[in-house]
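# Examining the three-dimensional arrangement
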Amino acid sequence: LSVSRGTPERERGSSGMAGQAAGGSASQGGGGGVGSFLWSGLRAFVVYVLISQVTRAFIKPPARQGQGGDQGEVRPLIRPAVTTGDVLTLRVFLTDTLRDLRGQRPHWEYTSFISGSDTDVYASIEVEGSAIRNANLQAVCVVEYVAGSSSSGEPIMRELALAYPLTERREKKQEKAGQNLMSSSEVDQGREARVEKDSGPPVMATYWKGNLTVSLLSHEAVYPLGQQVQPPVDLFLRQDEETETYAPFVFLHNFWLLEDQMTEMNETTSSKLTLGIRLHELPLWKAAVYLQMEKSWELQEKMGLSNKKQAEELKRMFLETNPYFLALTTIVSLLHTVFDMLAFKSDIGFWSKNESMKGLSARSILINCSCQVVIFLYLLENETSTLILFSNGLGLMIEFWKVTKACKVERVMLKGFIPFFDHQGQGELRHQQDQDLRPGGQ
């Protein structure tokens, strides 16, 4: 492992990979757009409400300050060891095993981070590619802080160590098999045949994340010692009974890292890779939103309601779209959905009361139904968002229903064994009925 080190000023101005992952541009994604955003947001809200209700049912709220359990015992209060203006030291070690790192030289160190400031530190270090391919490399972040003072006035130093994996096993991207109808060259046909041959069960591969975001959460609330607290505070609260304080809240994550920004680890991987490190302050409510969204996506994926691709597209939309434009597009999409529902209602109301095809064309209804089928299959093939598929599918079912109102549809057998649906327009049907009612069939 080789490291490029520098002063804190140089590290703060570095344009490491972390900044690119957090706010950099990425390539355009697949279909879905705002429809996928609305559908994912609705599902996330429903899952959030369910999880909140279950959590409140099984976890008791924290007692009042200075109060304890059911027996009314008085518990001492614990306060944050780090408050606004305190100085922290952060060290990052890269290791393939969780062992004692005392006495070892850190791969990156920042010694002058002030809690509560708007400092945003970027840095980058180089990692040997062989070390990543041969082991599951992890980043161990050690935060050193002053937890209090002894009776003699000496500061009591504490260290908080957290590990975060820098590699991830994911499903390998596979090129989608298809047929190019506009080309007849042997090269294109051979490539398409090779892709179709390779398509099969998903293949897992190891990916290098290339980014580590260290977020110090600003939180200075007071809690009773040993008392159970509500999430997400319970994920970060680490109590120190000796000093009656708790460690600073540190959140290691890669929430804004997209899949196309990861590097697949194989034999052709370069000998050196770059790890971007970002150190900054983050409000606790933002960390709660990140954790809740990740938990919601995982639950939706297990239930079959979503997949990782939709979550990636949602992140990409937040990263690449102007917030005002995104809000405007969301409002327009909601209005479009409302108008779709009103159009469906009007269409159903008209055809449910219609008893004559005068001035209407059954052939145009059949052509429109065929076009709707093609559009729906196209959207389904391109993995469009569920909200758009629902709207088009509902419109397609209404078109089928309109065919039954405009024509008489009956099941026939072609050549005695092939099932087929034949139709006859209402005008032709009434003309035939009138001919049957005339004397002599004239």
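Here the structure is a predicted model, which is why all the values come from computation and not from measurement. (Residues numbered from 1 in each chain as written. Predicted model: local features only at pLDDT ≥ 70, side-chain atom pairs only at ≥ 80, totals over all residues. Heavy atoms only, no water.)

## Observations concerning the sheet that holds strand β3 (residues 108–114)
- The strand order across the open sheet built from 4 strands is β3-β2-β5-β6, with neighbouring strands paired in antiparallel fashion. This sheet does not close on itself; its edge strands, each paired only once, are β3 and β6 (155–165). On average, each strand axis in the sheet is tilted by 20 degrees relative to the strand beside it, whichever way the strands run.
- Sheet topology places strand β2 (residues 87–95) next to β3; 5 bridges connect them, and they run antiparallel. Looking at β3, one finds that Val92 is bridged to Trp108. (Pairing = 2+ DSSP bridges. Helix = DSSP H or I, 4+ residues; strand = E, 2+ residues; numbered from the N terminus. Axes fitted to C-alpha atoms, helices over the stretch in contact; angles between N-to-C directions.)

## As for the pattern of salt bridges
- Evaluation of the coordinates by the stated rule reveals 12 salt bridges.
- The residue Arg91 makes a salt bridge to Glu109 at a minimum N-O spacing of 3.2 Å. Taken as a pair, Arg91 in strand β2 and Glu109 in strand β3 lie far apart in primary sequence, 18 residues in all.
- A relative accessible area of 24% means that Glu109 is categorised as partly exposed.
- Between Lys402 and Asp347 there is a salt bridge whose closest N-O contact spans 3.2 Å. In this pair, Lys402 is assigned in helix α11 (residues 386–406) and Asp347 in helix α9 (residues 323–353), connecting sequence segments 55 residues apart.
- Salt bridges sharing common partners tie together Asp260, Glu313, Arg316 and Glu320. (Salt bridge = Lys/Arg side-chain N within 4 Å of Asp/Glu carboxyl O. Buried < 20%, exposed > 50% of the residue type's maximum accessible area, 1.4 Å probe, protein only.)

## Here we look at the packing of aromatic side chains
- Tallied over the full model, the rule gives 11 aromatic pairs.
- Centre to centre, the rings of Phe255 and Trp297 are 6.0 Å apart; their planes meet at 15 degrees, and the pair counts as stacked. Pair noted here: Phe255 is in the loop between β13 (249–253) and β14 (263–264) and Trp297 is in helix α7 (residues 284–303), with a separation of 42 residues, a long-range link. We note that Phe255, like Trp297, is buried.
- For the ring pair Trp256 and Phe318, a centre distance of 6.5 Å and an interplane angle of 75 degrees mean the geometry is edge-to-face. In this pair, Trp256 sits in the loop between β13 and β14 while Phe318 sits in helix α8 (residues 308–320), placing the two residues 62 residues apart along the sequence.
- Taken together, the aromatic side chains of Tyr223, Phe236, Tyr246, Phe249 and Phe251 make up a single cluster linked through ring pairs.
- In this structure, Lys315 is placed above the aromatic ring of Phe255, and the distance from its NZ or CZ to the ring centre is 5.0 Å. (Phe/Tyr/Trp six-rings, centres within 6.5 Å; stacked < 30°, edge-to-face > 60°. Lys NZ or Arg CZ within 6 Å of the ring centre and 35° of its normal.)

## Topic: helix α10 (residues 362–381)
- Given a rise of 1.5 Å per residue, 20 residues ought to cover 28 Å, and the 29 Å separating the end C-alpha atoms of α10 matches this to within 8%.
- For α10, the complete set of buried residues consists of Ala362, Ile365, Cys369 and Leu379. Down the axis of α10, the smallest arc covering the buried residues is 100 degrees, so these residues share one side. Those residues of α10 that are exposed and angled more than 90 degrees off the buried face are Arg363, Val374, Leu377 and Tyr378.
- Sitting at the head of α10, Ser361 places a side-chain oxygen 3.4 Å from the backbone nitrogen of Arg363.
- Where α10 ends, the next residue or the one after it, Glu383, has phi of about 55 degrees, a positive value. (Expected span 1.5 Å × (residues − 1). Arc of directions from axis to C-beta. Polar contact = N/O pair within 3.5 Å; in protein donor to acceptor, adjacent residues only side chain to side chain.)

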